[in-house]
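Report on the structure
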Amino acid sequence: MRRKQEKAPEALGIYIHIPFCRSKCAYCDFYSLAGAEARMGEYQKALLAHMRETAPLAGGYAADTVYFGGGTPSLYGEKNLAQLLASLRKLFRVARDAEITLEANPDSVARPALRRLRRAGFNRLSLGMQSAVPEELASVGRPHTPEQTDLAVRAAREAGFGNLSLDLMYGLPGQTMDSWRQTVEHALLLEPEHLSCYGLKVEEGTPLARRAAAGEVLPDDDFQAELYLWTAERLERAGYAQYEISNFARPGFASRHNLKYWQLRPYLGFGPGAHSDLGSRRYSFVRDLDGYVQGVLRGGKIIDEDGMISRRERGSEYLMLGLRTARGVEAGEYRNGFYMDFAPIEARLRQFAAQGWAGEREGRWSLTPAGFLVSNRLIGDLLERQREAPLPGRLTRGEREENR
């Protein structure tokens, strides 16, 4: 008698938030704390306890990506990081070829520590380079120098990291086209496998927002658009394919973890402010170190937001997130996955294509670099059409309930 084949576990992403920083950047609105290193010990205990408590929920999954973000995870110390990764491997099924990423600032990494982290299992490093111009780094409170970025890249390569990503930021105070080109060309000389290029956003409540309110002039949207379009063209010529609005990679080096968010794959988060999406449930944890630590260790409330996601909401997310990527969206995926009619969406996409904002290839629709620049407006338009469209008449009663 032939044995019944076991169902392969679904792939899962795991995110661990390390909220400690040496200093707070002027533009940052992520949950992070400067000068709180004395709290790391109790935070480690809380993270380990939370992992043990949560692991049974992931029994049907196998983690193929793990991402340590922040904050500045490299400031947390290689012993703490290695312990967390070892505990994850014991508590969860972690794939042998899992992508395991560590975010780091160039001033907080050294070759001996990186070697220990590489031996512990970390295989991808994301360095916050941001700029190759000292004055631009200083203008937003970055704690490192361009020389430290060069040293960090060299140390990472010598430690055995073959998957390196650099974060760059355009639209910084005082930035010009020439200085941005200097940054990009410097980054290309470092030969990373991946580049993330983000436009500066002035987030409410940050020091940069207060400076802007006081009259400081920052690069405007039109200039940021000029920088962005030049970047997309330059990186394509350098062999980096644009696979998402802000992300470019050599073949085979797209961020597998970040793709989970954009492709609606399941993920678990740990730490204050971290989010999880498992099954049809999405939830996040309080953005408060004390609240998170005490809640985990003493049984208090740590959930901040919690809710079930309907198919219609998932359909909206499919459009919103899929159109951030070069892979885009497709009629069959939309209809079969969310029981909604793609025709009104496709009709509008054809109008976008006439403006040079979208294109269709082998049945998949995606935005062009020019479309990425106005993606918020275009996607908002599509979501409005989705809301106005009636549900197909052939849905079962249960399917209609799921779409409400």
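Since the structure is predicted, the reported quantities are computational estimates derived from the model, not experimental observations.

**Some thoughts on the sheet that holds strand β15 (residues 329-330)**
For sheets, the rule is that strands pair by backbone hydrogen bonds, running either parallel or antiparallel. Read from one edge of the open sheet, 3 strands run β15-β17-β16, paired in antiparallel fashion. For this open sheet the edge positions go to β15 and β16 (358-361), each flanked by a neighbour on one side alone. Where β16 lies against strand β17 (residues 364-367), 4 bridges are found, and the strand directions are antiparallel. Bridging from a neighbouring strand, Glu-360 pairs with Trp-365 of β17.

**Thoughts on the nonpolar core**
Formed by 100 residues in total, the largest nonpolar core has its most connected members in Ile-16, Phe-68, Phe-92 and Tyr-292. Of all the elements, helix α1 (residues 40-54) adds the most residues to this core, at 7 residues. With residues up to four places along the chain from it excluded, the contact list for Ile-16 reads Leu-47, Met-51, Tyr-67, Phe-68, Gly-69, Leu-84, Leu-88 and Phe-270. Within the second largest apolar cluster, 9 residues are counted, among which are Cys-25, Ala-26, Leu-172 and Leu-200.

**Looking at the packing of aromatic side chains**
As enumerated under the stated definition, the model contains 18 aromatic pairs in all. A centroid spacing of 5.9 Å and a plane angle of 10 degrees characterise the contact between Phe-20 and Tyr-76, whose relative ring orientation is stacked. You can see Phe-20 sitting in strand β2 (residues 20-21) and its partner Tyr-76 sitting in the loop between β4 (61-70) and α2 (78-91), a full 56 residues away along the chain. Taken as a pair, Phe-20 and Tyr-76 share a single burial class, namely buried. Here the aromatic residues Phe-20, Tyr-43, Tyr-76, Tyr-283, Phe-285 and Tyr-292 are joined through ring pairs into a cluster of three or more. Directly above the ring of Tyr-283 sits Arg-281, whose terminal nitrogen or CZ lies 4.3 Å from the centroid.

**Quick word on the pairing of strand β13 (residues 281-285)**
Of the strand pairs in this sheet, strand β12 (residues 275-278) and β13 are connected by 4 bridges, and their pairing is antiparallel. Bridge pairing links His-275 to Ser-284 in β13. Bridge count between β13 and strand β14 (residues 303-308): 5 bridges; the pairing is antiparallel. Bridge assignment links Tyr-283 to a residue of β14, and that residue is Asp-306.

**Some thoughts on the confidence of the model for the chain**
Close reading of the predicted structure is inappropriate where its pLDDT is low. Across the chain, the average pLDDT comes to 93, with 95% of residues at or above 70. Between residues 393-397, whose pLDDT stays under 50, and residues either more than four places distant or in other chains, the model counts 6 contacts.

**Side note on the pattern of salt bridges**
A full pass over the atoms with the stated rule returns 22 salt bridges. With a shortest N-O distance of 2.7 Å, Asp-107 and Arg-22 are connected by a salt bridge. Here Asp-107, found in the loop between β5 (94-104) and α3 (111-120), pairs with Arg-22, found in the loop between β2 and β3 (33-34); they are 85 residues apart in sequence, far enough to count as distant. A relative accessible area of 18% means that Asp-107 is categorised as buried. Arg-22 gets classed as partly exposed once you look at its relative accessible area, which sits at 44%. Between Arg-350 and Glu-346 there is a salt bridge; the shortest N-O distance is 3.4 Å. Note that Arg-350 and Glu-346 are positioned in helix α13 (residues 343-354) at a spacing of 4 residues, about one turn of the helix. In the salt-bridge network here, residues are joined through shared partners; they are Asp-277, Arg-282, Arg-314 and Glu-317.

**Remarks on the state of the cysteines**
One pass over the full model with this rule turns up 0 disulfides. Cys-25 provides the cysteine sulfur closest to Cys-28, a residue in no disulfide bond, and the two sulfurs are 6.3 Å apart. We classify Cys-28 as buried; its relative accessible area is 16%. Cys-197 takes part in no disulfide bond, and the closest cysteine sulfur to it belongs to Cys-25, at a distance of 17 Å.

**A short note on the environment of Gly-60**
Checked against the element boundaries, Gly-60 lands in the loop between α1 and β4. Accessibility expressed as a relative area gives 44% for Gly-60, which makes it partly exposed. Residues Gly-60 and Arg-93 lie 33 residues apart in sequence; the distance between their C-alpha atoms is 9.1 Å. Ignoring anything within four residues of it in the chain, the contact list for Gly-60 reads Pro-9, Glu-10 and Arg-93.

**Quick notes on unusual backbone geometry**
Cis geometry marks the peptide bond from Gly-70 to Gly-71, where omega comes out at 15 degrees. Tracing the backbone through its elements, the reader meets Gly-71 in the loop between β4 and α2. Not every positive phi belongs to a glycine, and Leu-264 is a case in point at roughly 60 degrees. With respect to the helices and strands, Leu-264 occurs in the loop between α9 (256-262) and β11 (267-270). Located in the positive-phi region is Tyr-339, a residue other than glycine, with phi close to 60 degrees.

**A word on α1**
A rise of 1.5 Å per residue sets the reference length of α1, with its 15 residues, at 21 Å; its end C-alpha atoms lie 21 Å apart and thus fit the reference within 8%. All buried positions along α1 are accounted for by Met-40, Tyr-43, Gln-44, Ala-46, Leu-47, Leu-48, Ala-49, His-50, Met-51 and Thr-54. Check the buried side of α1 and you find it contacts β1 (10-18), β2, α2, β11, β13 and α10 (289-298).

Reading the values: rules and limits
- Per chain, residues are indexed from 1 in the order of the written sequence.
- In view of the model being predicted, local features appear only for residues whose pLDDT reaches at least 70, and side-chain atom pairs are presented and counted only at 80 or more, with totals across whole chains, interfaces and linings using the full set of residues.
- Heavy atoms from the whole structure form the basis of all side-chain values; hydrogens and water molecules are not counted.
- Strand pairing follows a simple DSSP-based rule, namely that at least 2 bridges must link the two strands.
- Each helix corresponds to a stretch of at least 4 residues labelled H or I by DSSP, and each strand to a stretch of at least 2 residues labelled E; elements are numbered beginning at the N terminus.
- To qualify as a nonpolar core, a set must consist of buried Ala, Val, Leu, Ile, Met, Phe, Trp, Tyr and Cys residues joined through side-chain atoms within 4.5 Å.
- The buried label applies to any residue whose accessible area, calculated with a 1.4 Å probe on protein chains only, is under 20% of its type's maximum; exposed applies above 50%, and partly exposed to all values in between.
- By definition in these notes, contact holds between two residues if any of their heavy atoms fall within 4.5 Å.
- Any Phe, Tyr or Trp ring, taking Trp's six-membered ring, that has another such ring centre within 6.5 Å forms a pair; planes under 30 degrees apart are called stacked, those over 60 apart edge-to-face, and the others tilted.
- Geometrically, a charge over a ring is one whose NZ (Lys) or CZ (Arg) sits within 6 Å of the ring centre while staying within 35 degrees of the ring normal.
- One confidence number per residue, pLDDT, is output by the predictor and ranges from 0 to 100.
- What counts as a salt bridge is simple: a side-chain nitrogen of Lys or Arg found within 4 Å of a carboxyl oxygen of Asp or Glu.
- Counting rule for disulfides: a pair of cysteine sulfur atoms within 2.5 Å.
- Residue count minus one, scaled by 1.5 Å, sets the expected span of a helix.

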